[in-house]
Amino acid sequence: MKKSIFWLGNFGALFSILLILISALISPKFSWTNNYLSDIGAKSFGFIPYLLFSIGLIIGGIIFIIYFLLTAIEYKKHKIIFSAHVIFIISSFSMSMIAIFPEGSPYGLHYIFSLIFFFLFPIGMLLTGIVINEYLKRFAQGTFMLSSISILLDISLLLRIEKAMGEMLISIIFAIWFIFYNYLMFKVTNLGNKDENGKNK
């Protein structure tokens, strides 16, 4: 992986999570337990929070699409990594669409893209964990644990047990995991590439 792609990925993760967090913190009367983050995108708390929230999702999603597209091409011969990154591309596209189609959009598009984003990302994490397990078992174990927690939180969101706090926690899990995964992708240039004897090329 080129260093420029590595830094692009890190920038995307930090940029999106910080803008979403700031948009919530500056939103008057926003409640982490009574509101959803999507309420910010529906202009319920003013234009500036809405703008920051939307930019964070749209630009962040575009950056992730570019990142995962480039890395998918790089690992096109490795079926598991390639499949995981295609899933991440779809999830990243949905991330941007969450902002483009805010609450109240026709055909429930906002909720459809939200479900795709929140559920596909941990599925991609699980797939990468299978490959990572061959190189760094502790990180793989952490990947399996975090993806499982994310899915449980997703279910709690569907059941309306969790709201903005749950959404933010999932987003932070995604961002932290991605930064570590990105570092691994950068350092282990032959990730998933083995010879006939099962050794790294």
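## Comments concerning the overall build of the protein chain
- Helix and strand content of the protein chain: seven helices and zero strands.
- Helices and strands in the protein chain line up, N terminus first, as α-α-α-α-α-α-α.
- Computed over C-alpha atoms, the radius of gyration of the protein chain comes to 17 Å, within 12% of the 17 Å expected from 2.2 N^0.38 for 201 residues, which places it in the range of a compact globule.
- Viewed in the frame of its principal axes, the protein chain has a C-alpha envelope of about 60 × 30 × 30 Å.

## Focus: the environment of Leu 52
- Residue position: Leu 52 is located in helix H3 (residues 47-74).
- In sequence terms Leu 52 and Leu 21 are 31 residues apart; their C-alpha atoms lie 9.3 Å from each other.

## Some thoughts on the packing of aromatic side chains
- Under the definition given, this model contains 23 aromatic pairs.
- Ring geometry for Phe 30 versus Trp 32: centroids 5.3 Å apart, planes at 85°, classification edge-to-face.
- By relative accessible area, which is 12% here, Phe 30 ends up buried.
- Taking relative accessible area as the criterion, Trp 32 reaches 21% and is therefore assigned partly exposed.
- Three or more aromatic residues joined by ring pairs make a cluster, and in this case those are Phe 64, Tyr 67, Phe 68, Phe 88, Phe 117, Phe 118, Phe 121, Phe 174, Trp 177, Phe 178 and Tyr 181.

## Topic: the confidence of the model for the protein chain
- With 94% of its residues at a pLDDT of 70 or more, the protein chain has an overall mean of 90.
- Confidence over residues 194-201 falls short of pLDDT 50; this stretch has 12 contacts with residues more than four positions distant or in other chains.

## A few points about unusual backbone geometry
- You will see that Tyr 107, though not glycine, has its phi angle at about 65°, which is positive.
- Looking at the secondary structure, you find Tyr 107 in the loop between helix H4 (79-100) and helix H5 (109-132).
- Under the relative-accessibility criterion, Tyr 107 is labelled exposed at 76%.
- For Arg 160, which is not glycine, the phi torsion reads 60° and is therefore positive.
- Secondary-structure assignment places Arg 160 in the loop between helix H6 (137-158) and helix H7 (164-187).

## Things to note about empty space enclosed by the protein
- The tally for this structure, following the rule as stated, stands at one cavity of 30 Å³ or more.
- By volume, the largest cavity amounts to about 270 Å³.
- What lines the largest cavity is a set of 22 residues, and nearest its centre among them are Ile 20, Leu 57, Met 95, Phe 117 and Ser 171.
- Among the secondary structure elements, those contributing two or more residues to the lining of the largest cavity are helix H1 (3-25), H3, H4, H5 and H7.
- At five residues, H7 tops the list of elements feeding residues into the lining of the largest cavity.
- Broken down by class, the residue content of the lining of the largest cavity amounts to 15 nonpolar, six polar and one charged.

## Examining the environment of Ser 156
- Locating Ser 156 in the fold gives a position in helix H6.
- In sequence terms Ser 156 and Gly 166 are 10 residues apart; their C-alpha atoms lie 8.1 Å from each other.
- Residue contacts for Ser 156: discarding those within four places in its chain leaves Ile 161 and Glu 162.

## Observations concerning the layout of surface pockets
- By volume, the largest pocket amounts to about 370 Å³.
- Counting residues per element, the ones that place at least two in the lining of the largest pocket are H5 and H6.
- Element by element, the count of residues in the lining of the largest pocket is highest for H5, at six residues.
- Among the residues forming the lining of the largest pocket, the class breakdown is seven nonpolar, three polar and four charged.

About the criteria used
Here the residue index of a chain counts from 1 through its sequence in written order. In keeping with the model being predicted, local features are shown solely for residues with a pLDDT of at least 70 and side-chain atom pairs are shown and tallied solely at 80 or more, while totals for entire chains, interfaces and linings include all residues. The basis for every side-chain value is the complete set of non-hydrogen atoms in the structure, without hydrogens or water. Every helix listed is a DSSP run of H or I at least four residues long, and every strand listed is a run of E at least two residues long, numbered separately from the N terminus. With C-alpha atoms as the basis for the radius of gyration, the globule rule is written as 2.2 Å multiplied by the number of residues raised to the power 0.38. Classification of ring pairs uses Phe, Tyr and Trp, with its six-membered ring standing for Trp, and accepts pairs whose centres are within 6.5 Å; under 30 degrees between planes counts as stacked, over 60 as edge-to-face, and the remaining range as tilted. Exposure classes here rest on a 1.4 Å probe applied to the protein chains alone. A residue is buried below 20% of its type maximum, exposed above 50%, and partly exposed in between. Here pLDDT means the predictor's own confidence in every residue, given as a number from 0 to 100. Here, two residues are considered to be in contact whenever any of their heavy atoms come within 4.5 Å of each other. Lining residues are those with an atom within 4 Å of a point, where the points come from a 1 Å grid over the protein atoms alone and group into cavities, where a 1.4 Å probe fits but cannot get out, or pockets, open sets with protein on both sides within 12 Å along at least five of seven lines. Grid points are joined across faces, edges and corners, and a volume is the space filled by probe spheres set on the points. Residue polarity follows a fixed list, in which Ala, Val, Leu, Ile, Met, Phe, Trp, Tyr, Cys and Pro are nonpolar, Asp, Glu, Lys and Arg are charged, and the others, Gly among them, are polar.

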